[in-house]
Amino acid sequence: MIVVDANVVIAASAPTHPHHAAAQRIVAEHGGDGMVLHPLTMAEVLVGPARAGVEVRARRLLEEAGFSVAAGGGPEPEVLARVRAAASLKMPDACVLATAEQLAAPLATFDQRLAREARVRQVAVLGLATPSASEGS
């Protein structure tokens with residue numbers, strides 16, 4: 001099982017996205033084991049489809065592809081607040097990181113800052129190469 005950031009789901013579904021091939025590999029390699037999204041992350045992914053009035057169909061297709069929402073809605077609000085406060089992430093990223101920590105699962109993202117914070121907190125990261133020297137690895 002892996003926890004997936006919105007940018008991975010969006011990249012996997014958009015052939016022109018710069019991370020499309022990498023996202024497709026993540027889905028192919030980990031889809032059978034389960035790809036979990038925090039409810040807020042699923043909502044982020046569904047914004048585009050909602051603009052077109054197809055968010056229900058889009059969610060069904062995501063679920064058929066192996067993406068699911070974290071059981072029980074994910075980490076408690078206090079846990080999210082602690083992660084956000086400690087890591088200085090925006091709340092959507094804090095939700096993704098807290099979910100990965102709660103499930104003791106790797107995190108798939110193309111977001112450099114989220115990946116860096118995940119590594120600091122000993123969460124395995126998929127989707128990005130090892131941190132560069134400029135990230136203060």
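See the structure above.
All values reported here derive from a predicted model rather than from experimental measurement.

Peer 1: It is not clear to me how helix α3 (residues 39-51) should be interpreted in this structure. Could you clarify?
Peer 2: Along an α-helix, residues three or four apart share an orientation, since each turn contains 3.6 residues. Over its 13 residues, α3 extends 18 Å from the first C-alpha to the last, a length consistent with the 18 Å expected when each residue adds 1.5 Å. In α3, a bend of some 35 degrees at valine 45 exceeds every other bend along the element, and proline 49, a proline, comes one to four places later. Of all the residues in α3, the buried ones are Thr41, Met42, Val45, Leu46 and Pro49. Close packing links the buried residues of α3 with β1 (2-4), α1 (6-13), β2 (35-37), α4 (55-64), β3 (67-69) and α6 (91-103). Two residues or fewer after α3 comes glycine 53, characterised by a positive phi angle close to 75 degrees.

Peer 1: What am I meant to see in the nonpolar core here?
Peer 2: Side chains of a nonpolar character, in soluble globular proteins, are inclined to be buried together. Val4, Phe67, Leu97, Leu107 and Phe110 are the most contacted members of the largest nonpolar core, which has 40 residues in total. In terms of residue count, the dominant contributor to this core is α6 (six residues). For leucine 97, the residues in contact, after removing those within four places along its chain, are Val83, Leu89, Leu107, Leu114, Glu117, Ala118, Arg121 and Val123.

Peer 1: How should the layout of surface pockets be read in this particular structure?
Peer 2: In this approach a probe as big as a water molecule rolls over the atoms, and the regions it shows empty are the leftover space. Reported here for the largest pocket is a volume of approximately 220 Å³. Lining the largest pocket are Val9, Ile10, Ala12, Ser13, Gln24, Val27, Val45, Pro49, Ala58, Leu61, Leu62 and Phe67. Looking at the lining of the largest pocket, the elements with two or more residues in it are α1, α2 (20-30), α3 and α4. A total of four residues in the lining of the largest pocket trace back to one element, the largest contributor, which is α1. A class-by-class count of the residues in the lining of the largest pocket yields 10 nonpolar, two polar and no charged.

Parameters and conventions
Residues numbered from 1 in each chain as written. Predicted model: local features only at pLDDT ≥ 70, side-chain atom pairs only at ≥ 80, totals over all residues. Heavy atoms only, no water. Helix = DSSP H or I, 4+ residues; strand = E, 2+ residues; numbered from the N terminus. Expected span 1.5 Å × (residues − 1). Bend = angle between axes of the 7 residues up to and from the residue. Buried < 20%, exposed > 50% of the residue type's maximum accessible area, 1.4 Å probe, protein only. Contact = heavy atoms within 4.5 Å. Core = buried A, V, L, I, M, F, W, Y, C linked by side-chain atoms within 4.5 Å. 1 Å grid on protein atoms, 1.4 Å probe; cavity = no way out; pocket = protein on both sides within 12 Å on 5 of 7 lines; lining within 4 Å. Points joined across faces, edges and corners; volume = space filled by probe spheres on them. Nonpolar A, V, L, I, M, F, W, Y, C, P; charged D, E, K, R; others polar.

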